[in-house]
Amino acid sequence: MIKTLVPQLHFAVSHVKPCIQLARNPNYFKTEQSSNDYISSLCKQGLFKQAVEAFDSLQKDSNFGVKPSTYAHLISACASLRSVEHGRKVHHHILANSFKQDMILQNHVLNMFGKCGALKDARKVFDEMPERNVVSWTSVIAGYTQHGQESDAVKLFLTMRQRDVMPDQFTFGNVIRACSSLSSIGLGRQLHALVIKSECGSYLIAQNALIAMYMKFGQTSDALGVFSGNALKDLISWSSMIAGFSQLGYELDALDHFKEMLTHGVYQPNEFVFGSAFSACSNLLQPEYGRQIHGISVKFGIGRDTFAICSLSDMYAKCGLLCSAKTAFSQIDRPDLVSWNAIIAGFAYSGHIDEAMSLFSQMRHLAWSPDDITVRSLLSACTSPVTLNQGMQIYSYIIKVGLDLDVAVSNTLLSMCAKCSDLCATFKMFYEMRSNADSVSWNTIFTACMQHNQAGEVFSLFKMMLQSQNKPDYISLANVLGACGEIASLETGNQVHCFATKTGLKLEASVTNGLIDMYMKCGSLGSSSKLFYSIESPDVVSWSSLVVGYAQFGYGEEALMLFEKMTSSGIRPNQVTFIGVLTACSHVGLVEEGVHLYNTMKTDHGVAPTREHCSCVVDLLSRAGRINEAEAFVNQMEFEPDIVIWKTLLAACMKYNNAEVGKRAAENILKIDSSNSSAHVLLCNIYASENSWIDVARVRSLMKQRKVKKVPGQSWIEVKESSHVFVSEDSLHPERDKIYLMVEELRLQMLDIWYFSISSSPLKYSEQVYPHHTSIEAMRYRILIPVPCTRTMCIPGNKGSVPSLL
């Protein structure tokens, strides 16, 4: 097939040469007919620039008359060149020669102005036309659609229908594309109905536009219905289906359609079809499929196409085959900026920052100027303090070329700094860019505070954001609610809840789920449950938050009942749900049920167990006193036991006086963290319970050598919008006397309640001493029961007060 094209190509080239030679001497043509023929001939051969230059030379002759067909060719040449300047010259010449009434010629002018983006000129010509046909209307609608004025395109289409002008397939194709850009699914369905009613229902242009529209809206079943109903299909039909499925995450459907297209043997896939197929393979992480399609692309002669190779290289990189990605990239003769960005992003997102930096250097050596996409890809690979050096090199380059003025680049820099450096450096960078900050910038600094365990700082930042020109979105509120849960600030959480309700952000699923989780962490189970049951269709996150909350506060039976309701409602549990369920089983002593749930997680629910689930099982067995079984479970785990698992086992050994297993657990903790204070203390207690005082002395001496100090427990209370933190046996708190007096008063009140409950109804003892909520709401001040905590609190402000947000 390629051989047969060679003579034709040679013929075309040899035919062009004389015409190019003649173009240098337009005065060669003496007659009007020959001049018109000459210009028309140049246009037909695609020599548009020479045709326009010839027209400029010939129009100086007052005797030169242009025929309507020549005008049409010249207008088409200006449209192809996208030269509105030359187009206006030709249009003025048409008007001067009294061809204003020629509707066909005016339609050519409309099309030219539309393609050149001169929409005001096109609309003026359209409005002044004494007579219009469907081509006239379609030309202006197409111009609006192609240059981002989709609303005007739809309005003109509606006016067209009011004038009883019947659209053709080109009109429908353009207005459906405009509807896609406007994201109006309702209007799109109306247009679909109109297409079916019209005579254009079976034409490919309208059908292909409908397929692309439905795919853009994510309505795959509707797109498939239009595609299947087409008796005739072309490459655009197949390409729209394959690309749509690939972009929407239906990769296997995309590859099935690609295979079906090849089976027909009629359609030859182009570089865009192969690009979509490679993208589907990369999302599936299936390099074998990609290799097969790579071979097919070579057979079809597209193996060296720049667009296809970019997608191929990206696919290999995402699948971890970096050598193949680099080999594919090297096959591009002249890689452009997009190609360089693709290969650099492939290595960067795979975590190979050194190789990505090497490619970046090669790119600059070849005189290519990196853009914002290049540097953002490189910065995204800097995700730990180890890569801070490379991140700062990229930062220096960004400052040098002025890319720091780009807000998206600045936001990526801020994210890099939060991951690789400390919070002080991140705050410094944020304040430097604060004048140009957008909502993404604020959300990034919120996330940075949460990553660095400084939840208290989020409140001050949120108050600053409310005073800025940027308004909080659902991501901002999710971060603030997370901070409220971290420090158990129920008062602030209530304020954020009111703000979310007033602004309408409460309707966002992530905000509602954040509120449920916040109320649970603050101990307000009633508020959390009320909010949950107010949701029309709670998702897996909503269910999981409630299950985990009930489990952590000791309501194991309620948590298990919720889990049963969740699964019977058709909601598939996730990893977080099972953490809550296993914790619930542990708290209520349902050992066999918990072990059974763990064993059936993957087979029945498709959830692979993680280290956290293993830790829950260890806690389940340890609480029940089955220490040896717990140790055996730890030894046969697929994961390397972490410090949390060993500490869980060690605490149980201390409770059940299992010194032998306790020693092994403590030794494993000290192997992981030699300065862990709790392991040293518990090990001392175990030796003391066996009267092994020599070993006790040895461990205490080891603690002194390693300078290990026991971290005191911390608690906090919240009174009248203020949070106060104190430590165990605190003697430095400025209000310590009042605190200990209140604690003693509480103790005496609880003893009175206990004595009264024992005397009257011993069976209701637990209900009276421990109410449903963890907060004692009957008191004059709302005081949270102090809970020992090993984490360090970050209290915003100078005196530990939580500022009012609203």
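This is a predicted model, so every value here is computed, not measured.

Helix and strand counts for the protein chain stand at 44 helices and two strands. Counting every position in the protein chain, which comprises 806 residues, the buried fraction comes to 45%. Taking all contacts inside the protein chain whose residues are at least 6 apart in sequence as the whole, residues at least 24 apart take part in 61%. Carbon and sulfur atoms make up 54% of the accessible area of the protein chain, which totals about 42,200 Å².

The next thing to look at is helix α10 (residues 169–182). Here α10 is 14 residues long and its end C-alpha atoms lie 20 Å apart, about the 20 Å a rise of 1.5 Å per residue gives. Of all the 14 residues making up α10, 10 are buried; the element is thus mostly covered by neighbouring parts of the structure. Within α10, burial applies to Gln-169, Thr-171, Phe-172, Gly-173, Asn-174, Val-175, Ile-176, Ala-178, Cys-179 and Ser-180. Contacts from the buried residues of α10 go to α8 (134–146), α9 (150–162), α11 (185–197) and α12 (204–216).

Its location among the elements puts Thr-387 in the loop between α22 (372–380) and α23 (388–401). Within the structure, the side chain of Thr-387 is placed 3.3 Å from the backbone nitrogen of Thr-383, a separation counted as a polar contact. If we ignore the near neighbours within four places in the chain, the residues touching Thr-387 are Ile-353, Ala-381, Cys-382 and Cys-420.

Next up on the list: the UniProt feature "repeat: PPR" (unreviewed entry) in the protein chain. Those places that UniProt annotates as "repeat: PPR" (unreviewed entry) correspond, in this numbering, to residues 133–167, 234–268, 336–370, 438–472 and 539–573. Helix and strand shares over residues 133–167 are 74% and 0% respectively, and the end C-alpha atoms of the span are 10 Å apart. The straight-line gap between the two end C-alpha atoms of residues 539–573 is 10 Å; of that span, 74% is helix and 0% is strand.

The terminal C-alpha atoms of helix α14 (residues 235–247) lie 18 Å apart, and with 13 residues this matches the ideal 18 Å at 1.5 Å per residue to within 8%. With respect to burial, α14 is a largely interior element, 10 of its 13 residues being buried. Next to the buried residues of α14 lie α12, α13 (220–229), α15 (251–264) and α16 (271–284). Looking one or two residues beyond α14, the residue adopting positive phi is Gly-249, at roughly 90°.

It is possible for side chains bearing opposite charge to pair when their charged atoms get close. Enumeration according to the criterion identifies 14 salt bridges in this entry. Overlapping salt bridges, with partners in common, bring together Glu-592, Arg-626 and Glu-629 in one network.

Our next topic: the side chain of Ser-313. One can find Ser-313 in helix α18 (residues 306–318). Discounting chain neighbours no more than four positions away, the residues touching Ser-313 are Ala-325, Ala-328, Phe-329 and Ile-343.

On to the environment of Val-266, then. Topologically, Val-266 is positioned in the loop between α15 and α16. Separated by 32 residues in the primary sequence, Val-266 and Asp-234 place their C-alpha atoms 9.2 Å from one another.

Summed over the entire model, instances satisfying the criterion amount to 22 aromatic pairs. Relative to Trp-238, the ring of Phe-227 has its centre 4.9 Å away and its plane inclined at 80°; by these criteria the two rings are edge-to-face. With Phe-227 in helix α13 and Trp-238 in helix α14, the pair connects residues that are 11 residues apart, well separated along the chain. Relative to Phe-633, the ring of Tyr-598 lies with its centre 5.5 Å away and its plane at 75°, an arrangement referred to as edge-to-face. On the criterion of sequence distance, the pair formed by Tyr-598 in helix α35 (residues 591–599) and Phe-633 in helix α38 (residues 627–635) is long-range, its members being 35 residues apart. Grouped by ring-pair contacts, the aromatic residues Phe-427, Phe-430, Tyr-431, Trp-442, Phe-446, Phe-462 and Phe-499 constitute a single cluster. We note Arg-132 situated over the ring of Phe-126; from NZ or CZ to the ring centre the distance is 4.3 Å. Lying over the aromatic face of Phe-227, Lys-233 brings its terminal NZ or CZ to 5.0 Å of the ring centre.

Criteria and cut-off values
Residues numbered from 1 in each chain as written. Predicted model: local features only at pLDDT ≥ 70, side-chain atom pairs only at ≥ 80, totals over all residues. Heavy atoms only, no water. Helix = DSSP H or I, 4+ residues; strand = E, 2+ residues; numbered from the N terminus. Buried < 20%, exposed > 50% of the residue type's maximum accessible area, 1.4 Å probe, protein only. Contact = heavy atoms within 4.5 Å. Areas by Shrake-Rupley, 256 points an atom, 1.4 Å probe, with all protein chains shown as cover. Expected span 1.5 Å × (residues − 1). Polar contact = N/O pair within 3.5 Å; in protein donor to acceptor, adjacent residues only side chain to side chain. UniProt positions renumbered as here; feature names shortened; annotations may be inferred. Salt bridge = Lys/Arg side-chain N within 4 Å of Asp/Glu carboxyl O. Phe/Tyr/Trp six-rings, centres within 6.5 Å; stacked < 30°, edge-to-face > 60°. Lys NZ or Arg CZ within 6 Å of the ring centre and 35° of its normal.

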